[in-house]
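Below, each chain spelled out in residue letters.
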Amino acid sequence: MVSDMGNLDKIIKETVSAVEAGKRQVFEIAESSQLEYCRLKKEFEEVRQQVSSMVNEVDTITVEEKKARTRLAEVSKNFKKYTEQDIKKAYEDAQEKQLKLANLRGSERLLRYKRDSMEQSLRRLEGMLNKAENLASQLSIVTNYLTGNLKDLSQKIDDMQQVQLLGISIIKAQEEERRRVARDIHDGPAQLMANIVMRAEFCLKLMDVDHNKVREELHDLQNLVRQSLQDVRKIIFDLRPMVLDDLGLVPAVRRYAEDFQAQYDLPVEIVVIGTARRFPITIEVALFRILQECLSNIRKHARANRIMIKVEILTGKINVVVKDDGIGFNLDQIKNAGKRECFGLLGMRERTQILKGEITINSSHGQGSVISVSVPLED
Ligand SMILES: Nc1ncnc2c1ncn2[C@@H]1O[C@H](COP(=O)(O)OP(=O)(O)OP(=O)(O)O)[C@@H](O)[C@H]1O
Ligand SMILES: [Mg+2]
(Lines give C-alpha, C1' and ligand atoms only; values in the text may rest on other atoms or scores of the structure.)
(Ligands and ions follow the chains in the order given, each with its own letter.)
Protein backbone atom coordinates (compact mmCIF):
# COMPACT_ATOMS: atom_id res chain seq x y z
CA MET A 1 0.00 0.00 0.00
CA VAL A 2 2.77 2.41 1.00
CA SER A 3 4.79 1.48 -2.09
CA ASP A 4 1.67 1.68 -4.30
CA MET A 5 1.16 5.22 -3.16
CA GLY A 6 4.84 5.91 -3.68
CA ASN A 7 4.47 4.61 -7.24
CA LEU A 8 1.35 6.67 -7.83
CA ASP A 9 3.14 9.74 -6.60
CA LYS A 10 6.05 8.94 -8.95
CA ILE A 11 3.74 8.41 -11.93
CA ILE A 12 1.93 11.67 -11.25
CA LYS A 13 5.22 13.56 -11.01
CA GLU A 14 6.44 12.00 -14.26
CA THR A 15 3.18 12.93 -15.98
CA VAL A 16 3.54 16.51 -14.87
CA SER A 17 7.10 16.72 -16.16
CA ALA A 18 6.06 15.09 -19.48
CA VAL A 19 3.30 17.67 -19.88
CA GLU A 20 5.75 20.42 -19.03
CA ALA A 21 8.24 19.12 -21.58
CA GLY A 22 5.43 19.07 -24.18
CA LYS A 23 4.54 22.64 -23.28
CA ARG A 24 8.17 23.73 -23.73
CA GLN A 25 8.30 22.06 -27.15
CA VAL A 26 5.07 23.71 -28.24
CA PHE A 27 6.48 27.06 -27.12
CA GLU A 28 9.62 26.41 -29.16
CA ILE A 29 7.56 25.51 -32.22
CA ALA A 30 5.41 28.60 -31.74
CA GLU A 31 8.49 30.76 -31.36
CA SER A 32 10.21 29.53 -34.53
CA SER A 33 6.92 29.71 -36.47
CA GLN A 34 6.57 33.29 -35.30
CA LEU A 35 10.05 34.11 -36.59
CA GLU A 36 9.33 32.39 -39.88
CA TYR A 37 6.04 34.24 -40.12
CA CYS A 38 7.73 37.64 -39.62
CA ARG A 39 10.38 36.84 -42.23
CA LEU A 40 7.80 35.66 -44.75
CA LYS A 41 5.54 38.61 -44.08
CA LYS A 42 8.40 41.05 -44.81
CA GLU A 43 9.28 39.21 -48.00
CA PHE A 44 5.62 39.14 -48.99
CA GLU A 45 5.34 42.93 -48.58
CA GLU A 46 8.36 43.36 -50.87
CA VAL A 47 6.87 41.04 -53.48
CA ARG A 48 3.58 42.89 -53.25
CA GLN A 49 5.42 46.16 -53.89
CA GLN A 50 7.21 44.53 -56.83
CA VAL A 51 3.88 43.32 -58.22
CA SER A 52 2.30 46.75 -58.04
CA SER A 53 5.29 48.51 -59.71
CA MET A 54 5.32 45.74 -62.28
CA VAL A 55 1.63 46.38 -63.00
CA ASN A 56 2.42 50.07 -63.49
CA GLU A 57 5.29 49.27 -65.78
CA VAL A 58 3.15 46.83 -67.81
CA ASP A 59 0.47 49.52 -68.11
CA THR A 60 3.02 52.06 -69.36
CA ILE A 61 4.54 49.62 -71.84
CA THR A 62 1.04 48.55 -73.02
CA VAL A 63 0.27 52.15 -73.86
CA GLU A 64 3.64 52.57 -75.58
CA GLU A 65 3.21 49.32 -77.50
CA LYS A 66 -0.23 50.42 -78.66
CA LYS A 67 1.23 53.73 -79.81
CA ALA A 68 4.01 51.93 -81.64
CA ARG A 69 1.51 49.64 -83.35
CA THR A 70 -0.64 52.61 -84.43
CA ARG A 71 2.47 54.34 -85.74
CA LEU A 72 3.50 51.22 -87.67
CA ALA A 73 -0.02 50.95 -89.18
CA GLU A 74 0.10 54.62 -90.14
CA VAL A 75 3.57 54.32 -91.71
CA SER A 76 2.69 51.08 -93.52
CA LYS A 77 -0.52 52.60 -94.94
CA ASN A 78 1.20 55.74 -96.32
CA PHE A 79 4.56 54.24 -97.23
CA LYS A 80 4.97 56.72 -100.02
CA LYS A 81 4.84 59.56 -97.58
CA TYR A 82 7.56 58.08 -95.31
CA THR A 83 11.10 57.20 -95.97
CA GLU A 84 12.31 53.66 -95.81
CA GLN A 85 14.20 54.73 -92.70
CA ASP A 86 10.99 55.86 -91.02
CA ILE A 87 9.23 52.60 -91.84
CA LYS A 88 12.10 50.50 -90.57
CA LYS A 89 12.25 52.47 -87.31
CA ALA A 90 8.47 52.23 -86.78
CA TYR A 91 8.66 48.49 -87.42
CA GLU A 92 11.61 47.94 -85.04
CA ASP A 93 10.03 50.17 -82.43
CA ALA A 94 6.75 48.20 -82.50
CA GLN A 95 8.64 44.90 -82.34
CA GLU A 96 10.78 46.02 -79.43
CA LYS A 97 7.78 47.25 -77.45
CA GLN A 98 5.93 43.99 -78.16
CA LEU A 99 8.88 41.96 -76.97
CA LYS A 100 9.29 44.07 -73.85
CA LEU A 101 5.56 43.77 -73.09
CA ALA A 102 5.64 40.00 -73.52
CA ASN A 103 8.65 39.77 -71.20
CA LEU A 104 7.08 42.03 -68.63
CA ARG A 105 3.81 40.11 -68.71
CA GLY A 106 5.74 36.90 -68.15
CA SER A 107 7.55 38.37 -65.17
CA GLU A 108 4.32 39.80 -63.87
CA ARG A 109 2.69 36.36 -64.01
CA LEU A 110 5.60 34.85 -62.14
CA LEU A 111 5.57 37.58 -59.53
CA ARG A 112 1.80 37.23 -59.02
CA TYR A 113 2.24 33.50 -58.66
CA LYS A 114 4.99 34.04 -56.09
CA ARG A 115 2.86 36.56 -54.22
CA ASP A 116 -0.16 34.22 -54.15
CA SER A 117 1.77 31.22 -52.91
CA MET A 118 3.45 33.39 -50.27
CA GLU A 119 0.06 34.59 -49.17
CA GLN A 120 -1.07 30.99 -48.82
CA SER A 121 2.02 30.09 -46.78
CA LEU A 122 1.41 33.10 -44.58
CA ARG A 123 -2.17 32.05 -43.95
CA ARG A 124 -1.04 28.51 -43.18
CA LEU A 125 1.59 29.79 -40.77
CA GLU A 126 -0.93 32.09 -39.15
CA GLY A 127 -3.25 29.12 -38.56
CA MET A 128 -0.39 27.08 -37.14
CA LEU A 129 0.65 29.91 -34.86
CA ASN A 130 -2.85 30.27 -33.51
CA LYS A 131 -3.05 26.55 -32.92
CA ALA A 132 0.34 26.48 -31.16
CA GLU A 133 -0.62 29.41 -28.97
CA ASN A 134 -3.91 27.75 -28.14
CA LEU A 135 -2.20 24.49 -27.33
CA ALA A 136 0.43 26.23 -25.21
CA SER A 137 -2.19 28.05 -23.18
CA GLN A 138 -4.22 24.88 -22.78
CA LEU A 139 -1.11 23.04 -21.62
CA SER A 140 -0.41 25.89 -19.21
CA ILE A 141 -3.88 25.47 -17.78
CA VAL A 142 -3.34 21.71 -17.57
CA THR A 143 0.03 22.01 -15.81
CA ASN A 144 -1.23 24.69 -13.45
CA TYR A 145 -4.20 22.54 -12.67
CA LEU A 146 -2.12 19.40 -12.30
CA THR A 147 0.68 20.91 -10.22
CA GLY A 148 -1.77 22.82 -8.01
CA ASN A 149 -3.97 19.84 -7.38
CA LEU A 150 -1.19 17.30 -7.40
CA LYS A 151 0.72 19.19 -4.76
CA ASP A 152 -2.36 18.68 -2.60
CA LEU A 153 -2.53 15.07 -3.71
CA SER A 154 1.15 14.48 -2.91
CA GLN A 155 0.59 16.10 0.45
CA LYS A 156 -2.43 13.87 0.99
CA ILE A 157 -0.40 10.82 0.00
CA ASP A 158 2.37 11.86 2.41
CA ASP A 159 -0.17 12.34 5.18
CA MET A 160 -1.73 8.95 4.45
CA GLN A 161 1.70 7.33 4.51
CA GLN A 162 2.43 9.02 7.83
CA VAL A 163 -0.86 7.82 9.27
CA GLN A 164 -0.16 4.34 7.96
CA LEU A 165 3.33 4.27 9.46
CA LEU A 166 1.98 5.60 12.71
CA GLY A 167 -0.68 2.86 12.73
CA ILE A 168 1.96 0.21 12.09
CA SER A 169 4.19 1.45 14.90
CA ILE A 170 1.25 1.71 17.29
CA ILE A 171 0.44 -1.94 16.58
CA LYS A 172 4.09 -2.86 17.06
CA ALA A 173 4.19 -0.92 20.31
CA GLN A 174 1.05 -2.69 21.52
CA GLU A 175 2.55 -6.06 20.69
CA GLU A 176 5.74 -5.09 22.49
CA GLU A 177 3.72 -4.09 25.53
CA ARG A 178 1.89 -7.42 25.52
CA ARG A 179 5.20 -9.22 25.23
CA ARG A 180 6.48 -7.32 28.25
CA VAL A 181 3.38 -8.09 30.29
CA ALA A 182 3.61 -11.77 29.35
CA ARG A 183 7.27 -11.80 30.36
CA ASP A 184 6.53 -10.01 33.63
CA ILE A 185 3.81 -12.54 34.51
CA HIS A 186 5.97 -15.46 33.44
CA ASP A 187 9.04 -14.34 35.36
CA GLY A 188 7.14 -13.15 38.43
CA PRO A 189 3.80 -14.46 39.62
CA ALA A 190 3.71 -17.54 37.39
CA GLN A 191 6.98 -18.89 38.77
CA LEU A 192 6.10 -17.95 42.30
CA MET A 193 2.78 -19.78 41.99
CA ALA A 194 4.44 -22.90 40.61
CA ASN A 195 6.72 -22.73 43.59
CA ILE A 196 3.71 -22.28 45.92
CA VAL A 197 1.99 -25.36 44.50
CA MET A 198 5.14 -27.44 45.05
CA ARG A 199 5.54 -26.14 48.59
CA ALA A 200 1.85 -26.81 49.36
CA GLU A 201 2.26 -30.41 48.18
CA PHE A 202 5.31 -30.73 50.40
CA CYS A 203 3.27 -29.36 53.36
CA LEU A 204 0.55 -31.94 52.72
CA LYS A 205 3.11 -34.72 52.83
CA LEU A 206 4.71 -33.32 55.99
CA MET A 207 1.39 -32.87 57.85
CA ASP A 208 1.48 -36.22 59.64
CA VAL A 209 5.23 -36.28 60.12
CA ASP A 210 6.57 -32.95 61.38
CA HIS A 211 4.19 -30.21 62.56
CA ASN A 212 6.95 -27.73 63.24
CA LYS A 213 8.38 -28.15 59.77
CA VAL A 214 4.88 -27.64 58.34
CA ARG A 215 4.52 -24.36 60.29
CA GLU A 216 7.86 -23.18 58.89
CA GLU A 217 6.83 -24.13 55.41
CA LEU A 218 3.47 -22.39 55.75
CA HIS A 219 5.26 -19.28 56.92
CA ASP A 220 7.44 -19.33 53.80
CA LEU A 221 4.36 -20.02 51.72
CA GLN A 222 2.62 -16.98 53.18
CA ASN A 223 5.61 -14.83 52.16
CA LEU A 224 5.60 -16.29 48.68
CA VAL A 225 1.89 -15.57 48.27
CA ARG A 226 2.40 -12.03 49.58
CA GLN A 227 5.21 -11.48 47.12
CA SER A 228 3.23 -12.76 44.17
CA LEU A 229 0.30 -10.60 45.21
CA GLN A 230 2.66 -7.64 45.20
CA ASP A 231 3.95 -8.62 41.76
CA VAL A 232 0.43 -8.99 40.40
CA ARG A 233 -0.53 -5.61 41.83
CA LYS A 234 2.52 -4.05 40.21
CA ILE A 235 1.69 -5.60 36.86
CA ILE A 236 -1.87 -4.33 37.15
CA PHE A 237 -0.59 -0.91 38.16
CA ASP A 238 1.81 -0.85 35.21
CA LEU A 239 -0.96 -1.93 32.87
CA ARG A 240 -3.42 0.71 33.96
CA PRO A 241 -3.26 2.17 37.44
CA MET A 242 -6.77 2.45 38.84
CA VAL A 243 -5.78 5.61 40.63
CA LEU A 244 -5.34 7.21 37.20
CA ASP A 245 -8.97 6.57 36.30
CA ASP A 246 -10.26 7.29 39.79
CA LEU A 247 -8.25 10.33 40.86
CA GLY A 248 -6.46 11.63 37.78
CA LEU A 249 -2.95 12.31 36.54
CA VAL A 250 -1.29 14.09 39.45
CA PRO A 251 -2.23 11.58 42.18
CA ALA A 252 -1.30 8.72 39.82
CA VAL A 253 2.10 10.27 39.15
CA ARG A 254 2.68 10.78 42.87
CA ARG A 255 1.76 7.14 43.61
CA TYR A 256 3.92 5.86 40.79
CA ALA A 257 6.90 7.98 41.88
CA GLU A 258 6.57 6.82 45.50
CA ASP A 259 6.48 3.16 44.45
CA PHE A 260 9.37 3.68 42.08
CA GLN A 261 11.46 5.41 44.75
CA ALA A 262 10.77 2.64 47.23
CA GLN A 263 11.37 -0.18 44.76
CA TYR A 264 14.59 1.08 43.20
CA ASP A 265 15.90 3.21 46.02
CA LEU A 266 16.17 6.23 43.74
CA PRO A 267 14.99 9.62 44.99
CA VAL A 268 12.20 11.13 42.88
CA GLU A 269 11.21 14.73 43.48
CA ILE A 270 7.83 15.92 42.22
CA VAL A 271 6.94 19.54 41.60
CA VAL A 272 3.39 20.43 40.60
CA ILE A 273 2.74 23.94 39.39
CA GLY A 274 -0.90 25.04 39.04
CA THR A 275 -4.00 23.40 40.44
CA ALA A 276 -4.30 19.67 39.90
CA ARG A 277 -7.58 18.79 38.22
CA ARG A 278 -8.96 16.22 35.82
CA PHE A 279 -8.02 16.33 32.16
CA PRO A 280 -9.44 14.33 29.26
CA ILE A 281 -8.61 10.70 30.00
CA THR A 282 -6.69 10.31 26.72
CA ILE A 283 -4.34 13.10 27.81
CA GLU A 284 -3.98 11.68 31.32
CA VAL A 285 -3.21 8.18 30.05
CA ALA A 286 -0.76 9.41 27.42
CA LEU A 287 1.16 11.63 29.83
CA PHE A 288 1.22 8.89 32.43
CA ARG A 289 2.58 6.39 29.89
CA ILE A 290 5.25 8.83 28.77
CA LEU A 291 6.28 9.40 32.36
CA GLN A 292 6.34 5.66 33.01
CA GLU A 293 8.63 5.14 30.02
CA CYS A 294 10.89 7.99 31.15
CA LEU A 295 11.29 6.46 34.58
CA SER A 296 11.77 2.99 33.14
CA ASN A 297 14.49 4.32 30.82
CA ILE A 298 16.20 6.09 33.70
CA ARG A 299 16.13 2.86 35.70
CA LYS A 300 17.45 0.80 32.80
CA HIS A 301 19.96 3.11 31.19
CA ALA A 302 20.73 6.32 33.10
CA ARG A 303 22.59 5.26 36.26
CA ALA A 304 21.14 8.40 37.80
CA ASN A 305 21.20 9.54 41.44
CA ARG A 306 18.16 11.78 41.31
CA ILE A 307 15.03 12.21 39.26
CA MET A 308 12.95 15.35 39.05
CA ILE A 309 9.40 15.38 37.70
CA LYS A 310 7.65 18.65 37.03
CA VAL A 311 3.97 18.86 36.09
CA GLU A 312 2.95 22.34 35.04
CA ILE A 313 -0.75 23.04 34.55
CA LEU A 314 -1.28 26.25 32.59
CA THR A 315 -4.28 27.70 30.84
CA GLY A 316 -4.50 25.99 27.48
CA LYS A 317 -1.69 23.49 28.05
CA ILE A 318 -0.03 21.04 30.35
CA ASN A 319 3.70 20.44 30.49
CA VAL A 320 5.45 17.43 31.93
CA VAL A 321 9.22 17.46 32.38
CA VAL A 322 11.32 14.54 33.53
CA LYS A 323 14.93 15.23 34.37
CA ASP A 324 17.70 12.91 35.53
CA ASP A 325 21.35 13.40 36.44
CA GLY A 326 22.52 10.18 34.80
CA ILE A 327 24.96 9.34 32.01
CA GLY A 328 22.83 10.88 29.25
CA PHE A 329 22.70 9.76 25.62
CA ASN A 330 23.07 11.00 22.10
CA LEU A 331 19.77 10.86 20.29
CA ASP A 332 21.31 10.99 16.80
CA GLN A 333 23.64 8.12 17.60
CA ILE A 334 20.69 6.05 18.82
CA LYS A 335 18.67 6.85 15.70
CA ASN A 336 21.60 6.03 13.43
CA ALA A 337 22.61 2.89 15.28
CA GLY A 338 19.11 1.40 14.73
CA LYS A 339 20.35 -2.00 15.89
CA ARG A 340 16.94 -2.82 17.19
CA GLU A 341 13.71 -0.94 17.34
CA CYS A 342 13.41 1.11 20.49
CA PHE A 343 9.75 1.51 21.23
CA GLY A 344 10.14 3.69 24.28
CA LEU A 345 11.15 7.00 22.69
CA LEU A 346 9.10 6.24 19.56
CA GLY A 347 6.00 5.61 21.65
CA MET A 348 6.53 8.89 23.51
CA ARG A 349 6.68 10.75 20.23
CA GLU A 350 3.62 9.04 18.87
CA ARG A 351 1.53 9.66 21.94
CA THR A 352 2.53 13.33 21.90
CA GLN A 353 1.84 13.60 18.18
CA ILE A 354 -1.64 12.10 18.56
CA LEU A 355 -2.43 14.78 21.13
CA LYS A 356 -1.01 17.49 18.82
CA GLY A 357 1.58 18.25 21.45
CA GLU A 358 5.33 18.74 21.35
CA ILE A 359 8.15 16.69 22.79
CA THR A 360 11.77 17.69 23.22
CA ILE A 361 14.50 15.31 24.22
CA ASN A 362 17.57 17.03 25.56
CA SER A 363 20.47 14.83 26.43
CA SER A 364 24.14 14.39 25.86
CA HIS A 365 26.76 12.06 27.27
CA GLY A 366 27.56 12.91 30.89
CA GLN A 367 24.98 15.67 31.08
CA GLY A 368 21.89 13.77 32.21
CA SER A 369 18.62 13.95 30.27
CA VAL A 370 15.62 16.23 30.16
CA ILE A 371 12.44 15.13 28.42
CA SER A 372 9.76 17.79 28.08
CA VAL A 373 6.28 17.18 26.78
CA SER A 374 3.74 19.89 26.20
CA VAL A 375 0.16 19.06 25.30
CA PRO A 376 -2.56 21.57 24.42
CA LEU A 377 -5.74 21.59 26.49
CA GLU A 378 -9.02 22.52 24.88
CA ASP A 379 -10.51 24.84 27.53
N1 LIG B 1 17.32 8.72 30.66
C2 LIG B 1 18.18 8.10 29.85
N3 LIG B 1 19.50 8.08 30.16
C4 LIG B 1 20.40 7.47 29.37
N5 LIG B 1 20.09 6.84 28.20
C6 LIG B 1 18.80 6.81 27.85
C7 LIG B 1 17.78 7.44 28.62
N8 LIG B 1 16.61 7.29 27.98
C9 LIG B 1 16.88 6.59 26.86
N10 LIG B 1 18.19 6.31 26.78
C11 LIG B 1 18.86 5.66 25.65
O12 LIG B 1 18.01 5.71 24.55
C13 LIG B 1 17.78 4.42 24.03
C14 LIG B 1 16.38 4.34 23.46
O15 LIG B 1 15.41 4.36 24.46
P16 LIG B 1 14.04 3.62 24.23
O17 LIG B 1 13.20 3.82 25.43
O18 LIG B 1 13.52 4.07 22.94
O19 LIG B 1 14.45 2.12 24.05
P20 LIG B 1 14.88 1.07 25.16
O21 LIG B 1 14.59 1.60 26.53
O22 LIG B 1 16.28 0.64 24.90
O23 LIG B 1 13.93 -0.13 24.81
P24 LIG B 1 12.37 -0.24 25.11
O25 LIG B 1 11.92 1.07 25.69
O26 LIG B 1 11.77 -0.49 23.76
O27 LIG B 1 12.25 -1.35 26.04
C28 LIG B 1 18.05 3.50 25.18
O29 LIG B 1 18.46 2.22 24.71
C30 LIG B 1 19.17 4.20 25.89
O31 LIG B 1 20.41 3.94 25.28
MG1 LIG C 1 12.72 2.41 26.96
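Note that the structure is predicted; figures quoted are calculated from it, not measured. (Residues numbered from 1 in each chain as written. Chains lettered and ligands numbered in written order. Predicted model: local features only at pLDDT ≥ 70, side-chain atom pairs only at ≥ 80, totals over all residues. Heavy atoms only, no water.)

## As for the coordination of the magnesium ion (ligand 2)
Selection criterion: The rule for donors is simple: an N, O or S atom within 2.8 Å of the metal counts, and for Na, K and Ca the reach is 3.2 Å. Water is not among the atoms, so a site may look short of donors. Counting from the N terminus, the helices are the DSSP runs of H or I reaching at least four residues and the strands are the DSSP runs of E reaching at least two. Buried residues are those whose accessible area, probed at 1.4 Å on protein chains only, stays under 20% of the maximum for their type, while exposed residues exceed 50% and partly exposed ones sit between those limits.
Note on the magnesium ion (ligand 2): its protein donors are Glu-293 (OE) and Asn-297 (OD1). The metal-donor distances range over 2.0 Å. Of this pair, Glu-293 and Asn-297 both sit in helix H6 (residues 281-302), 4 residues apart, roughly one helical turn. A relative accessible area of 16% means that Asn-297 is categorised as buried.

## Notes on the pairing of strand E3 (residues 317-324)
The test is simple: Here a strand pair is declared whenever DSSP counts at least two bridges between the two strands.
Burial analysis of E3 places 6 of its 8 residues in the buried class, the great majority of the element. Two successive antiparallel strands, strand E2 (residues 307-314) and E3, enclose a turn made up of 2 residues, where Gly-316 displays a positive phi of approximately 90 degrees. The pairing of E3 with strand E5 (residues 369-376) spans 8 bridges and is classified as antiparallel. Each residue of the ladder has a partner; that of Ile-318, found in E5, is Val-375.

## Description of the domain arrangement of the protein
For clarity, the cut-off: For each domain, the first and last residues come from an automatic or database assignment.
With domains assigned, the protein is organised as domain 1 (2-166) and domain 2 (242-376). The C-alpha-based centres of domain 1 and domain 2 are spaced at 79 Å.

## Some remarks on the pattern of salt bridges
Formally: We define a salt bridge as a side-chain nitrogen of Lys or Arg found within 4 Å of a carboxyl oxygen belonging to Asp or Glu.
Under the definition given, this model contains 20 salt bridges. For Lys-97, the salt bridge is made with Asp-93, and the minimal N-O distance between the two is 3.8 Å. Of the two residues, Lys-97 and Asp-93 both sit in helix H2 (residues 84-206), 4 residues apart, roughly one turn of that helix. Judged by its relative accessible area of 14%, Lys-97 falls in the buried class. Asp-93 sits in the partly exposed class, given a relative accessible area of 28%. Here Asp-116 and Arg-115 are joined by a salt bridge, their closest N and O atoms 3.3 Å apart. Given the relative accessible area of 37%, Asp-116 is considered partly exposed. Taken together, the salt bridges that share partners define one network made up of Glu-176, Arg-179, Arg-180 and Glu-293.

## Considerations on the pairing of strand E4 (residues 358-363)
Residues Ile-359, Ile-361 and Ser-363 point to one face of E4 and are all buried, whereas Glu-358, Thr-360 and Asn-362, pointing to the other face, are not buried. Summarising the sheet, E4 and E5 pair through 6 bridges and their orientation is antiparallel. Bridging across to E5, Ser-363 finds its partner in Ser-369. Remark: 5 residues form the turn of the hairpin made by E4 and E5, two consecutive strands paired antiparallel; Gly-366 in that turn has positive phi of roughly 80 degrees.

## Things to note about the packing of helix H5 (residues 249-264) against H6
Quick reminder of the rule: For helices, the fitted line uses only the C-alpha atoms of the stretch in contact; every axis is such a line through C-alpha atoms, and the angle between N-to-C directions lies from 0 to 180 degrees. The labels follow the angle: roughly parallel below 35 degrees, roughly antiparallel above 145, roughly perpendicular from 65 to 115, and oblique for the rest. Should the near helix be turned anticlockwise from the far one by less than a right angle, the crossing is termed left-handed; should it be turned clockwise, right-handed. In this description, contact between two residues means that some pair of their heavy atoms is separated by no more than 4.5 Å. Side-chain classes follow a simple rule in which Ala, Val, Leu, Ile, Met, Phe, Trp, Tyr, Cys and Pro form the nonpolar group, Asp, Glu, Lys and Arg form the charged group, and the remainder, Gly included, forms the polar group.
Close contact between H5 and H6 brings their axes to 10 Å; oriented N to C, the two are set at 15 degrees. Judged by the angle between their axes, H5 and H6 are roughly parallel. Classified by chirality, the crossing of H6 by H5 is right-handed. Two secondary-structure elements touch here, H5 through Leu-249, Ala-252, Val-253, Tyr-256, Phe-260 and Tyr-264 and H6 through Glu-284, Leu-287, Phe-288, Leu-291, Gln-292, Leu-295 and Arg-299. When grouped by side-chain class, the residues that make up the contact of H5 with H6 number 10 nonpolar, 1 polar and 2 charged.

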